[in-house]
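Residue-level structure breakdown
Here is what each chain is made of, one letter per residue.
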Amino acid sequence: MRRKPTIRDVAAAAGVSRGTVSRVINGGHWVSPDARVAVEEAIRRTGYTANHAARSLATGRAGSLAFLLTEPQHLLFQDPTFALLLRGAAEALAQRSMTLVLLVAGTPAERANVAHFVSAGHVDGVLLISSHESDPLVDELLEAGVPTVCCGIPLGHEAQVPTVSVDEIASAREMTRYLRGRGHRRIAMIAGPHDTPGGKFRLVGFEKEMGDDFDPALVEEGDYGQESGALAMARLLERTRDIDAVFAASDMMAAGAIATLRKAGLRVPEDIAVAGFDDSGLAATHEPALTTMRQPWERLSSEMVSTLLEVIGGARPAPITLPTTLVVRDSA
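Small disclaimer: the values here were computed from a predicted structure and weren't measured. (Residues numbered from 1 in each chain as written. Predicted model: local features only at pLDDT ≥ 70, side-chain atom pairs only at ≥ 80, totals over all residues. Heavy atoms only, no water.)

**Description of the nonpolar core**
The condition is simple: We define the nonpolar core as a collection of buried residues of types Ala, Val, Leu, Ile, Met, Phe, Trp, Tyr and Cys that are connected through side-chain atoms lying within 4.5 Å of one another. Buried residues are those whose accessible area, probed at 1.4 Å on protein chains only, stays under 20% of the maximum for their type, while exposed residues exceed 50% and partly exposed ones sit between those limits. Each helix is a run of DSSP H or I of at least 4 residues and each strand a run of E of at least 2, with the numbering of both proceeding from the N terminus. Whether two residues are in contact is decided by their heavy atoms, any of which lying within 4.5 Å being enough.
Grouped together as the largest cluster of nonpolar side chains are 40 residues, with contacts concentrated most on Ile190, Met233 and Phe247. Looking at this core, the elements that each hand over two or more residues are α9 (168–181), β6 (187–191), α10 (197–210), α11 (226–239), β8 (245–248), α12 (251–263) and β9 (273–275). Take this core: its biggest share by element is 5 residues, from α12. Apart from the residues lying within four places of it in its own chain, the contact partners of Met233 are Ile190, Ile243, Val246, Ala257, Thr260 and Leu261. Counting 28 residues, the second-largest nonpolar core is a separate cluster that includes Leu65, Leu84, Ile129 and Leu308.

The following block contains the structure:
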């Protein structure tokens with residue numbers, strides 16, 4: 001029978017010490033990027049897998065992290081952004097021979113169960129994928145001492161929780177600047193929920209870039225979902241037809257806005273240009289293909305995992321802010 005690969009085999013394949021391999025497997029602390037890449041590649045080549053039971057006994061850790069979504073369960077399957085982050089986090093943990101536990105806390109009962117589960121030590125830390133300012137779960141995680149990293153800046157807890165996010169304000173300004181550069185002046189915005197970082201900061205960027213041309217009557221709010229974008233667009237059209245472009249804070253809401261515009265007999269982009277945010281897959285396949293701000297999904301996931309493992313190891317990592325990319329397609 002073929003012998004099971006050991007840490008010694010991985011070290012030999014990577015050209016590093018066994019201590020370096022151990023540090024990568026247990027969180028990657030004090031390991032250079034080059035060494036980490038070499039070890040992760042050696043793990044793939046050798047087929048090494050960790051003995052979780054033995055490692056848990058030795059370290060006192062569960063060897064798993066929670067992917068925590070504080071949204072209704074149906075959004076996990078409807079919104080492709082969550083699937084991208086979930087896949088990226090799972091891949092990042094698989095490289096470290098760790099397990100990802102999916103938790104959804106969209107209701108008070110679910111939040112209570114999740115808080116009890118993570119506080120009991122069933123996971124080593126939490127990747128908090130969505131946060132609402134009024135949600136008590138962040139406070140509960142902090143009070144229980146559960147290592148937590150947020151995707152996006154958690155409103156009201158900016159200085160208390162390590163974060164990995166995109167530059168929401170700069171991204172929204174770039175998209176708004178692009179639309180203005182195309183000659184659009186009456187630009188409406190379908191913002192996300194005001195108590196979420198994307199909802200708040202993308203609107204801030206839009207307002208700053210619009211300057212004196214900003215009209216609060218041309219702002220509506222959705223929940224990032226397609227139906228909410230359609231309803232928001234309908235409310236805007238009831239108020240005025242004097243709109244030449246729409247910037248939606250998600251591709252899903254942009255798609256909903258386009259559906260409403262078509263029902264109203266308006267063409268995209270000939271009559272009204274529409275732009276989104278995310279580039280999560282929907283944008284490229286939509287008809288017309290959506291102009292959008294692309295988030296670096298794979299890097300967001302990997303940076304969140306690395307940051308959380310640093311927190312578990314006792315470090316206090318600085319916030320990480322990643323750039324987005326303007327992707328121009330047919331809709332604007």
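What follows picks up the thread again.
**Side note on the sheet that holds β6**
Applied cut-off: A pair of strands is considered paired only if DSSP assigns at least 2 bridges between the two. Here an angle of 0 to 180 degrees is reported between the N-to-C directions of two axes, which are lines fitted to C-alpha atoms, with helices fitted over the stretch in contact.
A sheet is described by the order of its strands in space; here 4 strands give the open sequence β7-β6-β8-β9, paired in parallel fashion. Whereas interior strands pair on both sides, the edge strands pair on one side only; in this sheet they are β7 (219–221) and β9. Neighbour-to-neighbour, the strand axes of this sheet turn through a mean angle of 15°, independent of strand direction. Across 3 bridges, the pairing between β8 and β9 is parallel. The residue of β9 that forms the bridge with Phe247 is Ala275.

**What about the packing of aromatic side chains?**
Note the following rule: Put simply, two rings from Phe, Tyr or Trp (the six-membered ring, in Trp's case) pair if the centres are within 6.5 Å, and we call them stacked under 30 degrees between planes, edge-to-face over 60, tilted for the rest.
As enumerated under the stated definition, the model contains 2 aromatic pairs in all. Relative to Phe214, the ring of Phe206 has its centre 6.0 Å away and its plane inclined at 75°; by these criteria the two rings are edge-to-face. Given the relative accessible area of 1%, Phe206 is considered buried. On the basis of an interplanar angle of 55° and a centroid distance of 6.5 Å, the ring pair of Phe206 and Phe247 is categorised as tilted. Linking Phe206 in helix α10 with Phe247 in strand β8, this pair joins segments that are 41 residues apart in sequence. Each member of the pair Phe206 and Phe247 is classed as buried. Clustering of aromatic rings is evident, with ring pairs tying together Phe206, Phe214 and Phe247.

**Topic: empty space enclosed by the protein**
Selection criterion: In the cavity and pocket records, a cavity denotes points on a 1 Å grid over the protein atoms alone where a 1.4 Å probe fits but cannot get out, a pocket denotes an open set with protein on both sides within 12 Å along at least 5 of 7 lines, and lining residues are residues with an atom within 4 Å of a point. Grid points are joined across faces, edges and corners, and a volume is the space filled by probe spheres set on the points. The classification used treats Ala, Val, Leu, Ile, Met, Phe, Trp, Tyr, Cys and Pro as nonpolar, Asp, Glu, Lys and Arg as charged, and all other residues, Gly among them, as polar.
Across all of its chains, the model carries 2 cavities of 30 Å³ or more by this definition. If you add up the space inside the second largest cavity, you get close to 30 Å³. The residue inventory of the lining of the second largest cavity, partitioned by class, reads 3 nonpolar, 3 polar and 2 charged.

**What about α11?**
Using the following cut-off: Between the first and last residue of a helix there are one fewer steps than residues, each counted as 1.5 Å, and that sum is the expected span.
When the terminal C-alpha atoms of α11 are compared, their 20 Å separation across 14 residues agrees well with the 20 Å that a helix rising 1.5 Å per residue should span. Along α11, the residues classified as buried are Ser228, Gly229, Ala230, Ala232, Met233, Leu236 and Leu237.

**Quick look at the pairing of strand β4 (residues 148–151)**
To keep things clear, this is the line we draw: Convention used here: a crossover is right-handed provided that the path from the first strand, over the helix, to the second strand proceeds clockwise when the strands point away from the viewer.
The side-chain alternation of β4 yields two buried faces, one formed by Thr148 and Cys150 and the other by Val149 and Cys151. Across 3 bridges, the pairing between strand β3 (residues 126–128) and β4 is parallel. Looking at the pairing, Leu128 lines up with Cys150 of β4. Taking the sense of rotation as the criterion, the β-α-β connection linking β3, helix α8 (residues 137–143) and β4 turns out right-handed. In terms of strand pairing, β4 meets strand β5 (residues 163–166) through 2 bridges, oriented parallel. Its bridge partner lying in β5, Cys151 is registered against Val164.

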